[in-house]
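Chain and residue survey
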Amino acid sequence: MPFDELGLSDKVLQAVGAAGYTQPTPIQEQAIPHVLARRDVLGIAQTGTGKTAAFTLPMLTVLETGRARARMPRTLILEPTRELAAQVEENFVRYGVNHKLSVALLIGGVSFNDQDVKINRGADVLIATPGRLLDHVERGKLLLTGVELLVIDEADRMLDMGFIPDIERIVKLTPFTRQTLFFSATMPPEIQRLSEKFLSNPVKIEVARPASAAQTITQRLVATGGDPASKRATLRGLIRDAVDLQNAIIFCNRKRDVAVLHRSLERHSFKAVALHGDMDQRARMIALDQFRTGEAPILVASDVAARGLDIPMVSHVFNYDVPHHSEDYVHRIGRTGRAGRSGAAFTLVAPGDEKSLGAIEKLIGGEIVWDGPRKAEPVARGADDEGERAPRGRSRRGGRRGSEEAASSRPSSSKPAPAQAAPERVAATRDERPQPRDAQPRTERPDHRPRRDADRGRSRRDEDTVESPGFGDHVPAFLLRPAVIKTRK
Ligand code: AMP
């Protein structure tokens, strides 16, 4: 069915044409007429299916009638992460070029004041993460009683991140008569329960994962030693040897590894940026922009920060760690091979990763091919990791330079990959660029308010924090205070 038979307005159809879309995707074809008929929709679909346009396009059409009122948004979209929220905003900008709608983005990590100004002026569309939205409500600056249409996106991720109590609170603040669109990639029992609670006689739409992804991605396993220096050396060898590498996302299981690996790659003259949950919003946006424009062709990221991001052209994905949750593997490799393009996904496998790997192969229904031997050759420890100094001033590892080739499980070619910059270029950009938060001394948040979006998420599964032994990199202040020992006279 072509776009112009779905019931969308002329203004929206023009914008869709300008975006270059010729055919609606299955979720768009199935959802748009129901949204326009003001039915509740339960959409089981993941990112990459065209899900965002499936709700933004009909919302734009619906919003052409009526006006926004101060502090009372007409529509509300809830997203689990700041990046996803910003991506939805971009969609409204792209498809809403012919409209004069006001869109407000309420996410953590940016000032309340600018957000207040937008809310006060009256927002047609409010796109928010749950924590920041509730902060605004609690400050008495926002009323949700005028919400005619509510979108709850990525509900299963909201569950993963511990946001469900917030979502339940927010939904209670909206009118009972609202229209609700509820999207989730999976339907665990808790999400099923919520959908039954929030939706009234919904139309259920289920679309398959984008089938093309798995077929266009070459997946390989690469054996590596388990210690960080070996893993980094193996990774560098892979990047240097990669065929047709245009850009790459490297996934780590923990955010502190993201920071360390990022610094290491920069020291080895790769043009890389980092993305993880501890960076402030500005640093995240700068990193993503540099990656999208190709200024930095390597993005080192954690799952939490990167999941759902729409970066259409990624040639390579490297899993620095085998993900603990097998579905994360599917999400990670799905960053490449999009829209029918070919892509490559390499996963480093260290001793002890067998269980996680087994779960992944079970999920994808087949064995992944090994690239080279299944067991890593012993690593010559040395100064290849000269730059891999642990953060916050721990001493460098000594030794000879040049163990890198030995450490890599693949022969390394001398030809530099496009991702690798001339050292002087990297040095120049490093000085010019704002450093991500992890590279700077930790400071208090300027507004002294709790980091709600982030903190709420910490309670459940947030791979940015799992398996951090003891206090991780953070030493609580009380441990740094000099101890007073009283002695008996
Ligand atoms: P999403 O699932 O919303 O993250 O969308 C995934 C990608 O598909 C985005 O890059 C969209 O710009 C793109 N897209 C959405 N709808 C269409 C369409 N009808 N035809 C082609 N591409 C589309």
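Residues numbered from 1 in each chain as written. Predicted model: local features only at pLDDT ≥ 70, side-chain atom pairs only at ≥ 80, totals over all residues. Heavy atoms only, no water.

A short note on the nonpolar core
The line we're drawing: Definition used in this section: a nonpolar core is a set of buried Ala, Val, Leu, Ile, Met, Phe, Trp, Tyr and Cys residues joined via side-chain atoms within 4.5 Å. The buried label applies to any residue whose accessible area, calculated with a 1.4 Å probe on protein chains only, is under 20% of its type's maximum; exposed applies above 50%, and partly exposed to all values in between. A run of DSSP states H or I qualifies as a helix once it reaches four residues; a run of E qualifies as a strand once it reaches two. Both are numbered from the N-terminal end.
Ranked by internal contacts, the top residues of the largest apolar core, which has 36 residues, are Leu-57, Ile-77, Phe-92 and Ile-127. Looking at this core element by element, the count peaks at six residues for helix 3 (residues 51–62). Judged by nonpolar contacts, the second largest core, of 32 residues, contains Ile-119, Leu-126, Ile-152 and Phe-163.

Some details on the UniProt feature "short sequence motif: Q motif" (unreviewed entry) in the chain
The test is simple: UniProt positions are given in the numbering used here, feature names are shortened, and annotations may be inferred rather than shown by experiment.
Under the local residue numbering, the UniProt record ascribes the feature "short sequence motif: Q motif" (unreviewed entry) to residues 1–29. Helix makes up 45% of residues 1–29 and strand 0%. Its end C-alpha atoms lie 7 Å apart.

Section: the site of the ligand
Quick reminder of the rule: Throughout, near means a residue has at least one heavy atom within 4 Å of the molecule or strand. Under the rule applied, a polar contact is a pair of N or O atoms within 3.5 Å (in protein, one hydrogen donor and one hydrogen acceptor; residues adjacent in sequence only if both atoms are side-chain atoms). Using a 1.4 Å probe, the Shrake-Rupley method yields the accessible areas, and only the shown protein chains count as cover for residues.
Taken together, 14 residues lie near the ligand, and Tyr-21, Gly-48, Gly-50, Thr-52 and Asp-310 sit nearest. Here Gly-50 contributes a backbone N or O atom positioned 2.7 Å from an oxygen atom of the ligand. In this structure, Thr-52 approaches the ligand through a side-chain N or O atom, which is 2.5 Å from an oxygen atom. For the ligand, the protein covers 79% of the area, taking 500 Å² as the surface of the free molecule.

Here's the deal with the sheet that holds strand 1 (residues 41–44)
For clarity, the threshold we go by: Two strands pair if DSSP finds at least two bridges between them. In this description, a line fitted to the C-alpha atoms serves as the axis of each element, helices being fitted only across the stretch in contact, and the angle between N-to-C directions of two axes falls anywhere from 0 to 180 degrees. Contacts are assigned to residue pairs that have any heavy atoms within 4.5 Å of one another.
The parallel open sheet is built from seven strands, whose spatial order is 3-4-2-5-6-1-7. A single partner strand is all that each edge strand has here, and the edge strands are strand 3 (103–106) and strand 7 (203–206). Ignoring strand direction, the axes of neighbouring strands in this sheet form an average angle of 15°. Strand direction decides the pairing type here: strand 5 (residues 149–152) and strand 6 (residues 179–184), joined by four bridges, are parallel. Pairing of Ile-152 across the sheet is with Phe-182, part of strand 6. Strands strand 1, strand 5 and strand 6 of the sheet are contacted by helix 9 (residues 189–198), whose axis makes an angle of about 170° with strand 6.

Focus: the pairing of strand 9 (residues 248–252)
Of all five residues in strand 9, five are buried; the element is thus mostly enclosed. Of the strand pairs in this sheet, strand 9 and strand 11 (residues 298–302) are connected by five bridges, and their pairing is parallel. Bridge pairing links Ala-248 to Ile-298 in strand 11. With four bridges connecting them, strand 9 and strand 12 (residues 316–319) associate as parallel partners.

Notes on helix 3
Spelled out, the test is: A helix is expected to span 1.5 Å for every residue after the first.
The end-to-end C-alpha distance of helix 3, which contains 12 residues, comes to 17 Å, matching closely the 16 Å that a straight helix rising 1.5 Å per residue would cover. Residues of helix 3 that are buried: Lys-51, Ala-53, Ala-54, Phe-55, Thr-56, Leu-57, Pro-58, Met-59, Leu-60, Thr-61 and Val-62.

A word on the sheet that holds strand 9
Read across the open sheet, the seven strands follow the order 10-11-9-12-13-8-14; overall the sheet is parallel. At either margin of the open sheet sits one strand with a lone partner, and together these are strand 10 (272–275) and strand 14 (369–370). One ladder, built from two bridges, connects strand 8 (residues 217–223) with strand 14; its direction is parallel. If you follow Leu-221 over to strand 14, its bridge partner there is Trp-370. The strands touched by helix 13 (residues 281–293) are strand 9, strand 10 and strand 11; relative to strand 10, the strand with the most contacts, the crossing angle is about 140°.

Observations concerning the packing of helix 4 (residues 82–95) against helix 13
The condition is simple: Working rule for angles: under 35 degrees goes down as roughly parallel, over 145 as roughly antiparallel, 65 to 115 as roughly perpendicular, anything else as oblique. Note on convention: near helix rotated counterclockwise from far helix by under a right angle means a left-handed crossing. Clockwise means right-handed. For this classification, the nonpolar set comprises Ala, Val, Leu, Ile, Met, Phe, Trp, Tyr, Cys and Pro, the charged set comprises Asp, Glu, Lys and Arg, and every other residue, Gly included, is treated as polar.
One way to put it is that helix 4 packs onto helix 13 with a least axis distance of 11 Å and a crossing angle of 60°. The orientation of helix 4 with respect to helix 13, classified from their angle, is oblique. With respect to the hand of their crossing, helix 4 and helix 13 are arranged in right-handed fashion. Counting all contacts with helix 4, which are made through Arg-82, Glu-83, Ala-86, Gln-87 and Glu-90, the residues of helix 13 involved are Gln-281, Arg-284, Met-285, Leu-288 and Arg-292. Residues belonging to the contact of helix 4 with helix 13 are distributed by class as follows: three nonpolar, two polar and five charged.

Notes on unusual backbone geometry
Positive phi, close to 55°, is recorded for Glu-154, a residue that is not glycine. Along the chain, the position of Glu-154 falls in the loop between strand 5 and helix 7 (155–160). By relative accessible area, which is 8% here, Glu-154 ends up buried. Positive phi values are uncommon outside glycine, yet Asp-244 reaches one of about 55°. Looking at where Asp-244 falls in the secondary structure, it is placed in the loop between helix 11 (228–241) and strand 9.

A few points about the confidence of the model for the chain
Spelled out, the test is: For every residue, the predictor states its confidence as a pLDDT score lying anywhere from 0 to 100.
A residue-level look at the chain finds 73% of positions with pLDDT of 70 or above and a mean pLDDT of 79. Here residues 386–418 is modelled with pLDDT under 50, and outside its nearest four sequence neighbours on either side it reaches 64 contacts, counting other chains as well. The low-confidence segment residues 421–476 (pLDDT under 50) makes 105 contacts with residues lying over four places distant or belonging to another chain.

Things to note about the pairing of strand 13 (residues 343–349)
Along strand 13, seven of the seven residues are buried, which leaves the element largely enclosed by surrounding structure. Side chains Gly-343, Ala-345, Thr-347 and Val-349 of strand 13 all project onto a buried face; the interleaved residues Ala-344, Phe-346 and Leu-348 project onto the opposite face, where all are buried too. The pairing of strand 8 with strand 13 spans seven bridges and is classified as parallel. Bridged to Leu-221 within strand 13 is Thr-347. Pairing between strand 12 and strand 13: four bridges, direction parallel. Of the residues in strand 13, the one forming a bridge with His-316 is Ala-344.

Overview of the packing of helix 11 against helix 12 (residues 255–267)
How two helices pack is summed up by the angle between their axes together with the distance between the axes. Running from N to C, helix 11 and helix 12 cross one another at 55°; their axes reach a closest spacing of 11 Å. Taken together, the axis directions place helix 11 and helix 12 in an arrangement best described as oblique. In this structure, the crossing between helix 11 and helix 12 has a hand that is right-handed. Where helix 11 abuts helix 12, its residues Arg-232, Leu-235, Arg-236 and Ile-239 lie against Val-260, Leu-261, Ser-264 and Leu-265.

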